Amino acid sequence: MTAQPPATPRPEDISKLKGHLVNTVNQQLTQANVPAENRPQVIGEMLTRICQQARISLPETLRSQVFDDVRDEVLGFGPIQKLLDEDAVSEVMVNGPKRVYVERKGKVTKSDVTFDDDAHVMRIINKIIAPMGRRVDADSPTVDARLPDGSRVNAVIPPVALDGPSITIRKFGKGKLTIEQLIEYKSITAQMAEFLRACVVAKLNIVISGGTGSGKTTLLNVLSSFIPEEDRIITIEDAAELRLNQEHVVRLETKPANLDGKGVVTTRDLVRNSLRMRPERIVVGECRGGETLDMLQAMNTGHDGSLTTLHANTPRDALSRLETMTMMSGMDLPLRVIREQIASAIDLIVQQSRMRDGTRKVTAITEVAGMEGETVILTDIFKFEQTGLTQDGKVLGDLKPSGIRPMFSPRLEAAGFKLGPEVFGASVADILAANRRRK
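Only a predicted model underlies this, so the values are computations on that prediction, with no experimental measurement involved. (Residues numbered from 1 in each chain as written. Predicted model: local features only at pLDDT ≥ 70, side-chain atom pairs only at ≥ 80, totals over all residues. Heavy atoms only, no water.)

Caption draft 1: Empty space enclosed by the protein, seen in detail. Scanning all chains against the criterion turns up one cavity of 30 Å³ or more. Put simply, the largest cavity is a space of about 30 Å³. Lining the largest cavity are R405, S409, L412, E413, F417, K418 and L419. In terms of residue class, the lining of the largest cavity is made up of three nonpolar, one polar and three charged. (1 Å grid on protein atoms, 1.4 Å probe; cavity = no way out; pocket = protein on both sides within 12 Å on 5 of 7 lines; lining within 4 Å. Points joined across faces, edges and corners; volume = space filled by probe spheres on them. Nonpolar A, V, L, I, M, F, W, Y, C, P; charged D, E, K, R; others polar.)

Caption draft 2: Seen up close, the pattern of salt bridges. With the rule as written, the count across this model stands at 22 salt bridges. A salt bridge links E103 to R360, with the shortest nitrogen-to-oxygen separation between them at 3.4 Å. Placement of E103 in strand β2 (residues 100–104) and of R360 in strand β13 (residues 360–372) is noted, with a sequence separation of 257 residues between them. One salt bridge connects R288 with D238, and the closest N-O pair in it is separated by 2.7 Å. Of this pair, R288 sits in the loop between β10 (281–284) and α10 (291–300) while D238 sits in the loop between β8 (233–237) and β9 (249–253), and the two are 50 residues apart along the sequence. A network of salt bridges, in which partner residues are shared, links E103, R354 and R360. (Salt bridge = Lys/Arg side-chain N within 4 Å of Asp/Glu carboxyl O. Helix = DSSP H or I, 4+ residues; strand = E, 2+ residues; numbered from the N terminus.)

Caption draft 3: Structural view of the confidence of the model for the protein. Chain-level statistics for the protein give a pLDDT mean of 87 and a share of 94% at 70 or above. Mean pLDDT across the secondary structure elements of the protein bottoms out at helix α14 (residues 428–438), with 50, and peaks at strand β7 (residues 206–210), with 97. (pLDDT = per-residue confidence, 0-100.)

Caption draft 4: Region of the structure containing the side chain of E323. Of note, E323 is situated in helix α11 (residues 315–327). A distance of 2.8 Å separates the side chain of E323 from the side chain of R339, its partner in a polar contact. Apart from residues no more than four positions distant in its own chain, E323 is found in contact with L335, I338, R339 and I342. (Polar contact = N/O pair within 3.5 Å; in protein donor to acceptor, adjacent residues only side chain to side chain. Contact = heavy atoms within 4.5 Å.)

Caption draft 5: Representation of unusual backbone geometry. With omega at 10°, the peptide bond leading from P158 into P159 counts as cis. Mapped onto the fold, P159 is located in the loop between β5 (152–156) and β6 (166–170). The phi angle at K203 is positive, at roughly 65°, despite the residue not being glycine. Mapped onto the elements, K203 comes out in the loop between α7 (190–201) and β7. Classification of K203 by relative accessible area gives partly exposed; the value is 28%. (Buried < 20%, exposed > 50% of the residue type's maximum accessible area, 1.4 Å probe, protein only.)

Caption draft 6: Layout of the sheet that holds strand β1 (residues 89–94). Taken in spatial order, the six strands line up as β3-β2-β1-β6-β5-β4 in an open sheet, and their pairing is antiparallel. Of all strands in the sheet, those with a lone pairing partner are β3 (107–110) and β4 (142–146), marking the two edges. For this sheet, the mean inter-axis angle between neighbouring strands, taken without regard to orientation, is 15°. In this sheet, β6 lies alongside β5 in antiparallel orientation, the contact comprising five bridges. When the bridges of β6 are listed, V153 appears paired with I169. (Pairing = 2+ DSSP bridges. Axes fitted to C-alpha atoms, helices over the stretch in contact; angles between N-to-C directions.)

Caption draft 7: The arrangement of the packing of helix α2 (residues 39–53) against helix α3 (residues 60–75) in detail. Following both chains from N to C, one finds α2 and α3 inclined at 130°, their axes separated by 10 Å at the closest point. Classified by the interaxial angle, the pair formed by α2 and α3 is oblique. Every pair of crossing elements has a handedness; the one defined by α2 and α3 is right-handed. Together, R39, P40, I43, G44, L47, T48 and C51 of α2 and R63, F67, V70, R71, V74 and L75 of α3 make up the contact between the two elements. Its residues assigned to classes, the contact of α2 with α3 comprises eight nonpolar, two polar and three charged. (Parallel < 35°, antiparallel > 145°, perpendicular 65-115°, else oblique. Left-handed = near helix turned anticlockwise from the far one by under 90°.)

Structure (C-alpha cells):
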C-alpha cells in the first residue's frame, strides 16, 4: 500500500509550530552556550532533532520554509531579515503584520513578507531595541534605535499606532559610499566635489539640508571623510549612524529616560558637553530643536569646521528652520539677533534632494553671504537645473556652477586650495578676458 504524503497543516498550526521551535531552539542555545559563529549550523541540527523527537512530519518544501523562518527569527529579525539581507533594498516599512513595503532604487512596492500577528511584530521590535537598553510601551509608544550594521530604526506601537505596531528601517549599505561613487551616480559633479572637499578642509561650517530620505546622512558621511586625520572629532547623534574612518573620533549618542522618567540625555546636553572635550570638529547628526542655538554659538566661538543636517526643501527654507529651532531653545532672542547668529555662524548650505524618479542629487550649494538689513543673503555657487522628463519618468537636467566665486575664497586659498575659475563656471573666453584686463 502506497504511503500517503503528510497533510498540509493549517496556517495557524504552522504559526504555533514556528513559535514552539523558536522557543525550544533559544532555550537549547542558551543552555549549551553555543558561540554566535557556530549557531547557523547548530540550529539546523537542532531543528532536525526536535522534529524527529516530536515526530513532526511536514512536506519537504514546507519543512524547508519553516526551518528558514525559524533560523531568521533566532539569528535575525524574523520575516524582514531576508529584506535586510537584500542589497537592493534601501528601506523596509512594516505597516502592520500583513502590510510590509520596501524601497528599491527609489521605488516603493508592497512585499510578499508577512508577520503572524501584532504580537509577532512586537517581538521583533523588542528584539531590535533590547540590546540598546531602550524600551517601548503604552506610556512610551515610540522609539528610535539602530541595527548592528548601523541601519536606522523607528518603531511606533498602540495606542499611538492605530492599526498595530509599525516599524520603519532606513537601511545602510554594507559598504560606505565614496565621493567617487556619488560622482558616478551623477548625484554630484567632480567640480562640486572638489569644492566641497576644499570647504571641509578649510574648516567652513556646513549645513546639509534636505527632505526625508533624500540622502542627508549619506552625504554627511562623505563630507566627514574629508576631515583631516589629525583633527579631533566629536559626533553627536540620536541613533549612531555616522561611520567615520578617522582614528581621533569620540562618538556620543542620546539616551532616553528610564522607567522613572529620569536619566534622559538630549542632543542639547551632548552639544554643550562636547564643548568641554576640546573638539576641533563637532558633527551633529541632525539639528531638530533647541540644540541649534548651542550649535550656532559653538560655531561663533572658534569651533570652525562643524557639520550638521536638518530637514528643509530649499536653502532659504533651511534658514527659516534654523530660526524656528533656535527659538525652541527657550531663549527670548529678537529675530534679528537670531539671523545675525546664523549669518555669522553658517558658511555653506548644501541642498540634497530626492527627485521624482527616486534618484538623489545635490541640487544646490549655497553660500550664506551675510546680512543686508533684516535679511540673510544667500548666493548659489552651484545649482541643479531641470530640463525635463523622459518618457519613463527619468529626470533630465544638469548640475551647473553659477559663475559666482564665493566670498570665503581667501579661506580656501589659505588652506592650500587655489580653485581655478573654471570650477565656478567661467568660460575660456571669460578667463582670457580677465587676463587681458590684468595686463
